[in-house]
Each structure stands twice: as structure tokens, then as C-alpha cells.
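For reference, the chains in residue letters:
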Amino acid sequence: MRTDRLKLAANLTRPLLALVAAFALTTLALLSTGVSPLEAYRLVLFGAFSTPVRLSDMIMLAAPLLLCAVGLSITFAGGLYNLGVEGQMIAGAIAAMVPLRLWPDWPPLLLWLLAGLSGAAGGALWALLIGALRRYANVSEIFAGLGMNFLASGLALYMVLGPWRRQTSASLSGTDLLPRDLWLPTIDRLRLAPAAPVIALLALAIVWWALTKTRWGLEVRAVGLNPAAAGRLGVAAFRRMAETLAACGALAGIAGMLQVVAVHHALIPNISSGIGLLGLLVALLARADPRWLLPIAVAFASFTVGSIQLPLTLGIDSAIAGVLQGALVLFALVARARVR
Amino acid sequence: MRNRSVRWLVLVLTLISLILTACGTQPAAQPTAAPAAEPTTAPAAPAEEFTFGMVLVGPINDGGWNQAHYEGAQYVVEHVPGVKFIYIDKVNPADRPNVKVEQAIEELIGQGAKLIITNSAEFADGTNIAAAAHPDVFFIHASGDKVLTGEAPPNVRNLMGRMEYGKMIAGCAAALTTEAGKLAYLGPLIDPETRRLVNSTYLGARYCWETYRGRPASELAFKVTWIGFWFNIPGVTLDPTKVANDFINEGYDVILSGIDTTEGIVEANKATQAGKRVFAVPYDFAGACAQGEAVCLGVPYFNWGPDYKRLVELARAGKWEPAWEWTGPNWSNINDPDTSMIGFVKGPALSAENAAKLDEFIAKLADGSLNLFTGPLFYQDGTVFVPEGQVADDKTIWYTQQLLAGIEGQSAP
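Keep in mind it's a predicted model, so treat the numbers as computed, not measured.

**Q** Tell me what's going on with a nonpolar patch on the surface, and back it up with residues and numbers.
**A** A cluster of nonpolar side chains, namely A:Val98, A:Leu102, A:Trp103, A:Trp106 and A:Leu110, defines an oily patch on the protein surface of about 440 Å² accessible area. Here A:Trp103 shows up in the loop between helix H4 (85–102) and helix H5 (108–136).

**Q** Got a sec to walk through the state of the cysteines? Specific residues and values, please.
**A** Residues and elements named next belong to chain B. Inspection of every chain in the model, using the stated rule, returns two disulfides over all chains. Disulfide pairing places Cys172 opposite Cys208 at an S-S distance of 2.0 Å. Note on the Cys172 and Cys208 pair: the S-S dihedral is about -95°, so by sign convention the disulfide is left-handed. Here Cys172 is found in helix H5 (residues 163–177), whereas its partner Cys208 is found in helix H6 (residues 192–211), with 36 residues between them in sequence. A relative accessible area of 0% means that Cys208 is categorised as buried.

**Q** A description of the pattern of salt bridges should follow, citing residues and the corresponding values.
**A** Residues and elements named next belong to chain A. This model, assessed by the stated rule, comprises 26 salt bridges over all chains. Between Glu243 and Arg240 there is a salt bridge; the shortest N-O distance is 3.1 Å. Of the two residues, Glu243 and Arg240 both sit in helix H10 (residues 237–264), three residues apart, roughly one turn of that helix. For Glu243, a relative accessible area of 22% translates into the label partly exposed. On the basis of relative accessible area, Arg240 is assigned to the buried category, the value being 15%. Residues joined by salt bridges that share partners form a network here, namely Arg215, Glu219, Arg239, Arg240 and Glu243.

**Q** Before we move on, can you summarise the domain arrangement of chain B with the specific residues and values?
**A** Residue and element names in this part refer to chain B. As assigned here, chain B comprises domain 1 (44–161 + 305–327) and domain 2 (163–302 + 343–398). Summarising the inter-unit geometry, the C-alpha centres of domain 1 and domain 2 are found 29 Å apart. For the pair domain 1 and domain 2, the two sides together bury roughly 1,800 Å², of which 69% comes from carbon and sulfur. Seen at the junction of domain 1 and domain 2, the total is zero salt bridges. Scanning the region where domain 1 abuts domain 2 turns up four residue pairs in polar contact (both at pLDDT 80 or more). When residues in the side of domain 1 that touches domain 2 are grouped by element, the largest group, five residues, is from helix H2 (residues 65–79). Along the lines of polarity and charge, the residues of the side of domain 1 that touches domain 2 split into nine nonpolar, 10 polar and four charged.

**Q** Now, about the packing of helix H3 (residues 52–77) of chain A against helix H11 (residues 275–285) of chain A: what can you tell me, with residues and values included?
**A** Residues and elements named next belong to chain A. Where H3 contacts H11, the two axes come as close as 8 Å, and the packing angle between them is 60°. Overall, the two elements H3 and H11 adopt an arrangement that is oblique. Of the two possible hands of crossing, H3 and H11 adopt the one that is right-handed. Packed against H3, whose contacting residues are Leu61, Pro64, Leu65, Cys68, Ala69, Leu72 and Phe76, the element H11 presents Ile275, Gly276, Leu278, Gly279, Leu280, Val282, Ala283 and Leu284 at the interface. In terms of residue class, the contact of H3 with H11 is made up of 13 nonpolar, two polar and no charged.

Conventions adopted
- Residues numbered from 1 in each chain as written.
- Chains lettered and ligands numbered in written order.
- Predicted model: local features only at pLDDT ≥ 70, side-chain atom pairs only at ≥ 80, totals over all residues.
- Heavy atoms only, no water.
- Patch = residues over 30% accessible without salt bridge, like charges linked within 9 Å, V, L, I, M, F, W, Y side chains within 5 Å.
- Areas by Shrake-Rupley, 256 points an atom, 1.4 Å probe, with all protein chains shown as cover.
- Salt bridge = Lys/Arg side-chain N within 4 Å of Asp/Glu carboxyl O.
- Helix = DSSP H or I, 4+ residues; strand = E, 2+ residues; numbered from the N terminus.
- Disulfide = S-S within 2.5 Å.
- Buried < 20%, exposed > 50% of the residue type's maximum accessible area, 1.4 Å probe, protein only.
- Domains from an automatic or database assignment.
- Buried area = accessible area lost by both parts, 1.4 Å probe.
- Polar contact = N/O pair within 3.5 Å; in protein donor to acceptor, adjacent residues only side chain to side chain.
- Nonpolar A, V, L, I, M, F, W, Y, C, P; charged D, E, K, R; others polar.
- Axes fitted to C-alpha atoms, helices over the stretch in contact; angles between N-to-C directions.
- Parallel < 35°, antiparallel > 145°, perpendicular 65-115°, else oblique.
- Left-handed = near helix turned anticlockwise from the far one by under 90°.
- Contact = heavy atoms within 4.5 Å.

What follows is the structure, encoded as C-alpha cells:
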């Protein structure tokens, strides 16, 4: 009884210490710019909830973020560090554009479905290339992923400036906007497309179930803990790794598709907007535990949206949200490393 | 085990670099910039105060396009009592990846802005979307044409300056000065606006080359290289610093800038200090010569203040009507800060003799005796831009399809 309580206390202290350390660091950064940290925190932490418009913007950022984080929790379970998630998102966005540009006259519902499938396929394929590099060329998936990210941005740049450029102009600002009826429907005057969070939550539920309740999930986790041992027990280790990569890529690809049909309504060079890498932070902080993915994704999205007001009201740069997000993850990692 | 710690190391390093890039790309916040607005729902301050806001594509201190807009807004604050100015700058996918122009506009309106100025051609769609959602707020989309095409809601106006004249003067100053007979143009992205400005520069240069230098047009080289956006985005656009140095290494001795920032004059200045003789004509902002006085032939600039003042007063008085405006210089004094939208400040590197010729050229433009958009003018592919004996009208110039014959560089991709 007593030891249980002590254990619980110990389990709670470390995350709390990490939290305090992260805020201390961010506060130092804020103090160095000479603004009131309290005022800045009020905006960063709660700014996203102050108006319906900001709330809807936050949800539209949280949806692709959650998709990426959910995907990454699969690869983490399988013991892989999929830093290529950003590139998989871009590949998904490019793939999703294909049906939209080829057959813009088809019924929107069918096109969205096709775009979703195509985006998922594009992301999965991009991720499988990483798996192939690891298997056949012995390249660590971390470096393969980073390399593939560059390749994907290059491809997006090429499409924007090349085959999909605007008529009579060449601008890196993006392709022409999609026809209005191909934009994912939004609620009234908000930029909130309800389909986006629904898809993300659905993905969270399915992945949670698959990882914890199925034999496949058990095997994936076994491979993640020790591929060699799992292999000796008859688990097709490489196959499971490839499947986790493909699943993560598919979810990132769908996130890319959402960026195209629900947020930017065009392909822009920076279509992934760093959301994949932010998703990596979310997954790290959640320790790939599905229960924590949603709250952390929502928190990170609201930091980002809330911080937009910083330059306007306090005259400081909105990058402070990135400092807070990064500090949280770093200190959480440090706190965890001590547990080991 | 070792493998595992290496992984953690890589991961932590990646995280740190992520955090650093998030903070690293931004120049220091301007202390003067902080418009310490009351963030809470303070009821819109003293009764008569009128707040106007601006969404800028680049930083307010870029020494070019964005700074010119920012100073225009400051002019309004100085000359109209009871107005307050707020802004969000660097609204572009590189600096603020998760902020769309509609979002930035919402934030400004949330702070009480009754009139919004957006300053990039890319903001056209976002401005229209926000304007439709806020019919009680007035919008000026600078450099756009959606009012002309009929795609803008009634609370939107377009405003642009006739920089064609400024660019002709710039081209003339370059042609008067060049020793090699080789002029280079640092181009942003390719669209009708940037094409017509390159063409204007070329027309001014060719005229002065033939008229004052007495040389045939065939001996004047004029090359444009497009970087792909209004300013440098590392890894996305061509690097304007590198492009400028390529120009210099290829023997071009005047660099004319068409981008928002000042790499052209900065590099020309460096090369000159290193013993070469390279001149520069920056763009957009009256103070741009300060980046390299010794090599500056002059700068064609926008003076947004007077027009913004007029429109702010119009909005305040409730006399707003949709309009597409293309304001020219005040020809009686193109550098009058209170009346002239387009001006040209001569730089220290322009010789007195050439300055006199340039004044003569400006006088001809001013009294209308010289119109460089007079036919015959041909596009690069040989098709007719303006037929013989005719003068191009505004729409023909605004929607310029290609670069003119005689210019080396891409017309469209």
C-alpha cells in the first residue's frame, strides 16, 4: 500500500519536474525579450480558445497533427524512428492532387474519396521506400527518412513550378486554387471542415484498437522490443516493420490530403508546414501511448494558433510556441532517461 | 545497446535543430514595431479612434517593398489624427507555415481594425474570402486586380502605383552608365506584373542607349533571371545573392533589382569594393540606396502614404466604393512626398552629366512627348505586343503576356 503510493508519487514527480523545467526555460526566453511572461502564456495557452474562429483554426491544425502522431505511434511501437513523416505527408499531398487535377468535373464526394485513397497510397509508398532502403541497403531509417523528406520537397517544388504551374506565371506560392466545390465543406463562416477531425479521431480509435487488442499489434510491439527474439518466435519481423511504416505513411498521406482539400486548397511548396515533425514531438511526448496523443496534439496545436497573436499584441515573435513545444519534449526525454 | 544510444543522440540533435530553426529564421523583433494594443476586449478606445491594419508578405524592415508599405502606413498615422495602425508581417509559407492570410486578417479585425491592407499579389484569394466574411470592414488589396476582373466583394478596392515609369527611369539610368553595355535584372517570380516591369525597364534602357549613347539596340545586352518568389526562401527559391554574383562574373555591370529585398545592391557594392566596377539600381523603397551609396545609380520607389491617407479618410467618412486604381507619379514633382505615388531618387553613383540627361528623359515622360509603349513592339516569340502607330492601353500593359524581343530570359515557364 505504502510502496504503491510512493511509486505513484515518483511516477508523477518526474513529468511534473519536466513540465516545470520546460516552463522555466520558456519563461527565461520571454523575460529576455522584456515582455510579461504571464501575458504571453495567457495568449499561448488559451488564445486558441478565445474565439470560434481561432478554435476552428486550432482544430484544423490538430487534425493533421493527430494523424501524423497516430501514425508515428505505430512506428514507435515497431521500434522505428520514422523521421520521414514530413516527406510522407508531402508525397500524400502530391498524390491527392492527381485525381483532383485529372477529373475536376467528377462528383466531389467521389473525388475526395479518390484523393484520400491516392494520398494514403502516396504516403505509404514513400514510407515503404524507407523500409526498402533499410532492408536492402542497410541505411538507418532515420537518415533514409530525412533524405526522403528533401526529395519530397523537391518533388513538390517541381510540380508547383513545372507541370502544375499557374497559367502564364511561375510563382513558388503554389498551384491555382482548386474549384470551390472541391473544397472540403466547412461550417458556415469558420474554416472548420468537420470531416478532418472526424477522420483523425477515427484513425486514432482504429490504431489504438489494432495496437492493443489484436495479435498484429502484439507482434508489432514484440518486434519493437527485440526484432531478433521476435523473429525466433516465428514473427515475420521485417514484414511487420514494413507494415508499420506503410501504415504511418498512409496516415501522414491522408494528413497531406487534408492540407490540400481542407486547408490550402492548392498544392504549395511547404504543404506539410512542419506538421509531420511537430507530430514527432507529440508522439515522443506521449511515449506513443494512444491515450495521450489526442490531448497533446490539441495542446500543441493550440500553442501554435495562440501564438499568432503574440507579435500583434506583445510585439514579440510567435516562435516562442516552438520553444515551449521543444522544451517540453526535451525535458520529458531527459526525465525519462533518468528512469532507466 | 550502443546502437540505441546513438539513436537517442540523433533524435535529440534533430529536436534541437528543429527548435533552433523555428527561432532562427526570424530577424529580431523591432522595438518600435510593437503596437501595444490592449489584447482584451477593451471597448474600442476613445470614441473617434479608427484602427487600420496591414498584412505584409515580408518583414517591415526589408529595405524594399514591405518597408515602403510600412512607411506608407506611418505616413497615415502622422497625417490623420485619431488613427491607430496595427500589422502582421512575414505572412508567407516559409516564415509562418501555419498562418494563412485570412487568419492574419481575422487577428487584425479582432484587434479592432476597420480597414485592412494586404500587400501581395498572392493575397488576392485570401483577401476576397475575408472580405466576404466581413462585409462591414474595408479592404485594400495592393497590387491586385480582382476588382477589375469583377471577382472581388464590394468592400474591396485595388491599389497599385504606375511603377512602369519608375522602371523606365531606372532602365535609362542604367543604360546611361553601363560601360560593358550589359544590364542584368534580378527578377522575382513570373507574372503579368513582373513582366511589365521588366519590359518597362528594358524600354527605358533601350531608348536612352540609342538616344543618349548613340549606340544601336543590338549592342545592349539585357538579361533577367527569376528567383521564383519575392524574396529569398532558402532551399526553395534561387539565392538572389548567388544570382547577383553570377551576373557580376558574367560581366554585367549594372544590376537592377525587381525583388523585395536588397541583395542586388549589396553584392554590387561588395564587388566594387573588391576592385570591380558594378552599379546597382535597387527597387521599391526610397531609402534603399543606403545599402550601397557608392554604387547606387538611384532607386524607383513607391510612396504609398498619400493614397493610403486618402482611402483611410474615405473609409472613415463612409464614402467607400469599389475601385481598381493605378496611380501614377505627380509629374510636376515626382518626389513630392504628399502627392506622388511613384518617385525616383538619384543615387550618388550617377554622374552629373548623366543626371542631367536623366532629367531630360523624365521631362519627356512628364509632358507626354515620349510614350515608350508606342508600337511597333514585339514579344520574344515575334508576336505583336503593340502594332505600329498605336499606343498600348492600360489593360494591354497590365496583362502583359511575354517579355519583349531583345530581352534574354524566361517569359513564362
